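# Structural overview for review
Here is what each chain is made of, one letter per residue.
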Amino acid sequence: MMGPLLELHRRGAEVHVRTIAAGVEGVRAAGLRCEPIDPLIEAVAMDDHRRRSKLGAGERAFAVWAERAPLEVEDFGAALAAVDPDLALVDTTTFGARAVAEREGLPWAESRPFLLEDTVSGLPPFGFGLRPKQGLAGRARDRAFALLSSAFDRQARLPTVNAGRRAAGIAELRTAPEAHCRAPLTLYYTAQPFEYPRPLPPGVRMVGAGVWDPPMELPVEIPEDDRPLALVTCSSEFQDDGPIAAAALEGMSERWRLIITTAGVDPASLPSRDGAVVERLLPHRPLLERASVVVCHGGMGITQKALAHGVPVCVVPWARDQLDVAARVEEAEAGVKLRRRRLSPARLAAAAKAAEACAPGAARVKAGYKAAGGGPAAADAVEALCSPLIARRRK
């Protein structure tokens, strides 16, 4: 959200943010008012990585969001009472807060940093990591997987949406399609050619990738030699993807200068390797300005941030939405995918080398993100929703 929020602040809006405790200092340092969410919400930990199957992990993720929803209703309601805003911008996974925004009837927008999950004719359904496939075989494949997707929506997504709605005291929804894109405006943080060409639901506005970093200096020395720089990242929300970093340390150290940010993974759990920089958190922008390739789990955040800098990616999709992210990377020819079950030091090194050759595709994606307008385009859409009187282009 920070790109649009900072642009709105620059235009004179009074912006209040509620986020996890670890993010408060960075938001305040950027110049916005910020308070932490109820710690009870954070205490409901995302533990989907403990499930062995992709289906089980998806069901568990929605169960966690459903458990958080009643807590969000109370917390977000209190925030609205304290601030009395003209508009609310709500994250897509906060089902309780979304229900409160709908209940209160104030202008509100959904902030969506993940791929859309609605079923679209002619495109593969979300959740299976499928690339578009034409002809009779493609249509038959998509119909079969659409049935599985619909069953998941009924069993996991719809109950979670309704958990938030029950807690907020508003009517439950009867069908899963009703649950998609209910906000008057959805800021969709992607653009073609990363996203497949498709009709967008009403109110959905593609604005390009979110690229904001908390303001901080790079606190480490980057090794300087003739080798290209590779940035390797783990998920910010723990999903036990440390083996990606471990394989990079073992297989990539000779050919690349390695910078590894472990985020949710304890750096002490990784093998040591002379010359590699291994830190839990580092600002990505100054690293992406020098990197030749990014190796990651396929989270939308780091994948799109890399491509927004024109850096090709080697994706080892671990779980969650990451198979679908990897499919779009391949379809855009902006990188390569290495399947989790095939991960090894030698294979990862070979895949990273192949990804480097995808720089032209990464450049095309970068151009697509830029054309979508970024923070200014998102701010225009928010202003238009909030009040026609201030929906004018600022120079």
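Cut-offs used in this document
Residues numbered from 1 in each chain as written. Predicted model: local features only at pLDDT ≥ 70, side-chain atom pairs only at ≥ 80, totals over all residues. Heavy atoms only, no water. Helix = DSSP H or I, 4+ residues; strand = E, 2+ residues; numbered from the N terminus. Rg over C-alpha atoms; globule rule 2.2 N^0.38 Å. Buried < 20%, exposed > 50% of the residue type's maximum accessible area, 1.4 Å probe, protein only. Areas by Shrake-Rupley, 256 points an atom, 1.4 Å probe, with all protein chains shown as cover. Phe/Tyr/Trp six-rings, centres within 6.5 Å; stacked < 30°, edge-to-face > 60°. Salt bridge = Lys/Arg side-chain N within 4 Å of Asp/Glu carboxyl O. Pairing = 2+ DSSP bridges. Right-handed = clockwise from strand over helix to strand, strands pointing away. pLDDT = per-residue confidence, 0-100. Contact = heavy atoms within 4.5 Å. Axes fitted to C-alpha atoms, helices over the stretch in contact; angles between N-to-C directions.

This part takes up the overall build of the protein. Within the protein one finds 13 helices and 12 strands. The C-alpha radius of gyration of the protein comes to 21 Å, within 12% of the 21 Å expected for a compact globule of 395 residues. Seen through its principal axes, the protein has C-alpha atoms that stretch 60 × 50 × 40 Å. Across the 395 residues of the protein, 51% fall into the buried class. Accessible surface for the protein amounts to roughly 18,400 Å². Of this, 53% is attributable to carbon and sulfur atoms.

This brings us to the packing of aromatic side chains. The full count for this structure, using the stated rule, is 5 aromatic pairs. Taken together, a centroid distance of 5.0 Å and an interplanar angle of 85 degrees make the contact between Phe-62 and Trp-65 edge-to-face. Placement of the pair is Phe-62 and Trp-65 together in helix α4 (residues 54–83), with a separation of 3 residues, close to one helical turn. Across the pair, Trp-65 and Phe-62 agree in class, each one buried. Judged by centre distance (5.6 Å) and plane angle (70 degrees), the rings of Phe-62 and Phe-152 are edge-to-face. With Phe-62 in helix α4 and Phe-152 in helix α6 (residues 135–168), the pair connects residues that are 90 residues apart, well separated along the chain. A relative accessible area of 7% means that Phe-62 is categorised as buried. Taken together, the ring pairs in this structure connect Phe-62, Trp-65, Phe-95 and Phe-152 into an aromatic cluster.

Pairing between side chains of opposite charge can happen when the charged atoms of each approach one another. For the structure on display, the rule yields 30 salt bridges. Of the charged contacts, one joins Asp-153 and Arg-157 as a salt bridge, the two residues approaching to 2.7 Å between their closest N and O atoms. With Asp-153 and Arg-157 both in helix α6, this residue pair falls 4 residues apart, about one helical turn. On the basis of relative accessible area, Asp-153 is assigned to the buried category, the value being 8%. A salt bridge links Arg-290 to Glu-224; the nearest nitrogen and oxygen atoms lie 3.5 Å apart. Here Glu-224 lies in the loop between β6 (204–206) and β7 (229–233) and Arg-290 lies in the loop between α8 (285–288) and β10 (291–296), a separation of 66 residues in the sequence. Relative accessible area serves as the criterion here: at 61%, Glu-224 is assigned to the exposed category. Here the residues in one salt-bridge network are Glu-7, Arg-10, Arg-11, Asp-380 and Glu-383, joined through shared partners.

Next up on the list: the pairing of strand β2 (residues 33–36). Note that strand β1 (residues 16–19) and β2 share 4 bridges and pair parallel. Looking at the pairing, His-16 lines up with Arg-33 of β2. This β-α-β element, β1 to helix α2 (residues 21–29) to β2, shows right-handed connectivity.

Quick look at the confidence of the model for the protein now. Per-residue pLDDT for the protein has a mean of 93; in total, 98% of the residues score no lower than 70. A low-confidence stretch, residues 389–395 stays under pLDDT 50, and its non-local contacts, those more than four residues away or across chains, total 7 contacts.

For the rest of this paragraph, the subject is the sheet that holds strand β11 (residues 313–315). Taken together, the 6 strands give an open sheet; going across it, the order is β9-β8-β7-β10-β11-β12, and neighbouring strands pair in parallel fashion. Taken across any chain shown, the strands that pair with only one partner, and hence form the sheet edges, are β9 (277–279) and β12 (335–337). Shown here is a sheet whose adjacent strand axes are inclined to one another by a mean of 15 degrees, direction ignored. Taken together, the 3 bridges between β10 and β11 define a ladder with parallel strand orientation. Looking at β11, one finds that Cys-296 is bridged to Val-315. The strands that helix α7 (residues 242–251) touches are β7, β8 (257–261), β9 and β10; relative to β8, the one it contacts most, it runs at about 165 degrees. Against the sheet, helix α9 (residues 300–308) contacts β7, β10 and β11, and its axis sits at roughly 165 degrees relative to β10.

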